[in-house]
Amino acid sequence: MSGQNNETIVLHLIVVGFHHKKGCLVEYCYPPFDTNAGTDDNTGVDNHSTPSDVTSGDIEDNSAKTSATDTTTPAEPLVGDQRPQPPVDTIVLPEIWKTLPSLALPDGSHNHERDGIYFHLPDLLDHNRTVFGVSCYRQINANKLKAKTSDVTRGTVQKSVVVLSRLPLYGLIEAKLEMITHAYFRELDFSKVSLLEETYHNLNAQLSPQLMTSPELYVGLATRQLVVDFHHKILVLFKLLLLERKVLFYKSPVKPLCVSILSLCSLMPGLIRRGLSHCSVSVHTKHSRQYSADVELSPLKETDEFFVLGAGNQRSTADTTACDGVDGDSGDSADPFVDNTAADTVDKACAPTPTDTTLITESHKIVTKDESDDDLLYERDEVLSARSSNRSSNRSSTKSSTKSSPVKEHREVTAQRSQSVFYDTEPEPTTAGDEVAADGRTQSSTTTTTERIETPPILKLLDEDCGLPLEIFSCGAYLQPYLSLTYLDVLTDVRVRSCLVGATNFLFKQKKDIFDVIVELDAGKVDILDAELRKQLALTTEDLRFAEYLTKTVLTDGENGDIFVDGTGWEGSDEWVRYQFKVYLLHLLRSSEMDENSKDYQSFNTHFVNAWRTTHNYKMWSSVSHPSVFEVTCGHPFGGQLSISDMKLKISQYVLS
């Protein structure tokens, strides 16, 4: 790409406008797209970074309106007195970015004066990597414009200012972009683009990879609000994320939709920071199509080694994994903007991954482009088999040591829950010879050794040492905070193993054969369409305790807190909610290594854990040993004996559901 180097965080700053005949169009781009990358076989039009107000009849494929019913063909170019200004060439988008205008200007945007959109695109150089898009949409009365072009024929003008970034700094970029968009519209003359060029350079000067490890990464996300909206169902959504199913979030306008999806992802430790590198959908224009906007999933490239055919994401219970083509080199290449020194050592390609006892099951069928690739697969299998056997021996030794220790595996929920949640073991009831330390744990006043072995606080356990983040979005599993109608048919492709997408168009909700779960944000409704999946996502008594604790803490903090400092304390804050789910996940990972008939295993719902162990993310995690996880006490963090309050909670949950 011209005008940039490999160290820039912001790739492009773009203006997308709505043309009354041709739909959404890219009107300005800085720096301009690479001519080679942007050449369209159907048009052959060169690339320019000049604002484009006048459209040409030769660029029909780049500018079709994203609508299921809009089949209007572009009108012939006007000449003579009909066109007071000379025509300007339209910017030609790279082939795999043809859907960018429809993502930046969402469906139904005319119903709102402003909106914010987060979306994902494939990288132009490496289609398996993700480019993160942030768009600020505005609508203005056309009569207010100082310089009105000939294509302005309606009462309002709709435009979006878009930033394409290498890093998922959604909220931070949007906060800066909103101010720029406001200033750009305040000029009332969209030909003045010097401000946009300055913004591009300023953003690259201000944004750095170090922000990925700072609190700024979560600016704009609202995990507390997610708990308020869904109450106990927030845990259902979290467990659903682990199962890698096809999930649709539905709401309008777009910004709260995108924020809700990314807030849910932020509950998964490290997922926003290091787990979205391969979550974008790579599409290209159909060769035989009815409408110029029709696209389909991009085919495998020659460099893609293999993919796995299956239906693990479908409503059948077959243990299979469908992987999109992934460049064998891209999975192992280091991200120049994220610290990958502690990344998982296992190959990130879509190789079949081992379970506890076997590496490849008969339900997996490997499809290679030629027989020469088999040797590479066998070498990988041998490496993973060796690692799996080593891990099994480590697991056995760890289990034996755990059984020999006097740690209590089943504990009652005590009144000190809010203090003990920082640790993965419950404080023992104090006796006459014990003293309570400031952190809530007991200290013996005698010189004898304590009977219980304390494990370190979970706060000290690094995500990388625990095998986090889990590889939820890779190998045909996609995350799109917003999708336009153009992508509806793409989701039916067999290579789409799973997806978590957001949409504002009602037609998405009608395609119930595509999705396993439909989440309506306005109503706080989670519609699980598969009976078997409902059984897997049923909350146990221990799960209900955890969800109740989350909900009460967040709601109490909201009721009693000052409006100026609400959510800024620790308990009930966004960071606190994310920490609770990290505690939950680590206990879940630890307990998943236990026997299926054990109480620790069953406390997370046996059906759920069994289904989770067949997913791609769990197989990748279990293929490598993570000793830090075995420092966590086995069992549910809210385990304990059944009580009257548990019965009331179950009845209440049954009535609400």
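Since we're looking at a predicted model, the values are computed, not measured.

So, on to unusual backbone geometry. A cis geometry characterises the amide bond from Y30 onward to P31, with omega recorded as -15°. With respect to the helices and strands, P31 occurs in the loop between β2 (23-30) and α1 (35-38). Cis geometry is adopted by the peptide bond preceding P469, which originates at L468 and carries an omega value of 5°. Phi is positive for L188, which is not a glycine, with a value near 60°. Tracing the backbone through its elements, the reader meets L188 in the loop between α3 (170-186) and α4 (194-206). The phi dihedral of C475 falls on the positive side, at around 55°, and the residue is not glycine.

Turning to the sheet that holds strand β3 (residues 114-122), a few remarks are in order. Read from one edge to the other, the open sheet built from 5 strands follows the order β2-β1-β5-β4-β3, with strand pairing classed as antiparallel. Looking at which strands have only one partner, the edges of the open sheet turn out to be β2 and β3. Sheet twist, expressed as the average angle between the axes of neighbouring strands with direction ignored, equals 25°. Where β3 meets strand β4 (residues 130-141), 9 bridges bridge the pair, whose relative direction is antiparallel. Bridging from a neighbouring strand, I117 pairs with S135 of β4. Each of β1 (10-19), β2 and β5 (156-165) is contacted by α4, which is oriented at about 145° to β1, the strand it contacts most.

Assignment of secondary structure puts T540 in the loop between α12 (531-536) and α13 (541-560). Sequence separation between T540 and K650 is 110 residues; the distance between their C-alpha atoms is 8.9 Å. Ignoring anything within four residues of it in the chain, the contact list for T540 reads Q602, S603, F604 and N605.

Our next topic: the environment of S191. Summarising the element assignment, S191 is placed in the loop between α3 and α4. There is a polar contact of 2.7 Å between the side chain of S191 and the side chain of D189.

The next thing to look at is the nonpolar core. Residues L164, L242, F249 and F473 are the most contacted members of the largest nonpolar core, which totals 153 residues. With 10 residues, helix α14 (residues 574-591) is the largest single contributor of residues to this core. Counting contributing residues, this core receives three or more from each of domain 1 (10-33 + 89-215) and domain 2 (221-284 + 462-656). In contact with L242, not counting residues within four places along its chain, are M268, L470, I472, L585, L588, F608, W612, T615 and N617.

Two numbers describe how α3 lies on α4: the axes approach to 11 Å, and their chain directions differ by 165°. Classified by the angle between their axes, α3 and α4 sit roughly antiparallel to one another. Between α3 and α4 the crossing geometry is right-handed. Contact with α3, carried on its side by K176, I180, A183 and Y184, involves L195, L196, T199, L203 and Q206 of α4 and no other residues of that element. For the contact of α3 with α4, the per-class residue count stands at 6 nonpolar, 2 polar and 1 charged.

Okay, the sheet that holds strand β16 (residues 525-528) next. Spatially, the 5 strands line up as an open sheet ordered β13-β14-β6-β15-β16, and their pairing is mixed. The strands lining the two open edges of the sheet, one partner per strand, are β13 (477-480) and β16. Pairwise comparison of adjacent strand axes, ignoring direction, gives a mean angle of 15° for this sheet. Here strand β15 (residues 517-520) runs beside β16; their pairing, made up of 4 bridges, is antiparallel. Within the sheet, the bridge partner assigned to I518 lies in β16 and is D527. Its contacts with the sheet put helix α6 (residues 233-243) on β6 (246-250), β14 (498-503), β15 and β16, and the angle it makes with β16 is roughly 45°.

About the thresholds
Residues numbered from 1 in each chain as written. Predicted model: local features only at pLDDT ≥ 70, side-chain atom pairs only at ≥ 80, totals over all residues. Heavy atoms only, no water. Helix = DSSP H or I, 4+ residues; strand = E, 2+ residues; numbered from the N terminus. Pairing = 2+ DSSP bridges. Axes fitted to C-alpha atoms, helices over the stretch in contact; angles between N-to-C directions. Contact = heavy atoms within 4.5 Å. Polar contact = N/O pair within 3.5 Å; in protein donor to acceptor, adjacent residues only side chain to side chain. Core = buried A, V, L, I, M, F, W, Y, C linked by side-chain atoms within 4.5 Å. Buried < 20%, exposed > 50% of the residue type's maximum accessible area, 1.4 Å probe, protein only. Domains from an automatic or database assignment. Parallel < 35°, antiparallel > 145°, perpendicular 65-115°, else oblique. Left-handed = near helix turned anticlockwise from the far one by under 90°. Nonpolar A, V, L, I, M, F, W, Y, C, P; charged D, E, K, R; others polar.

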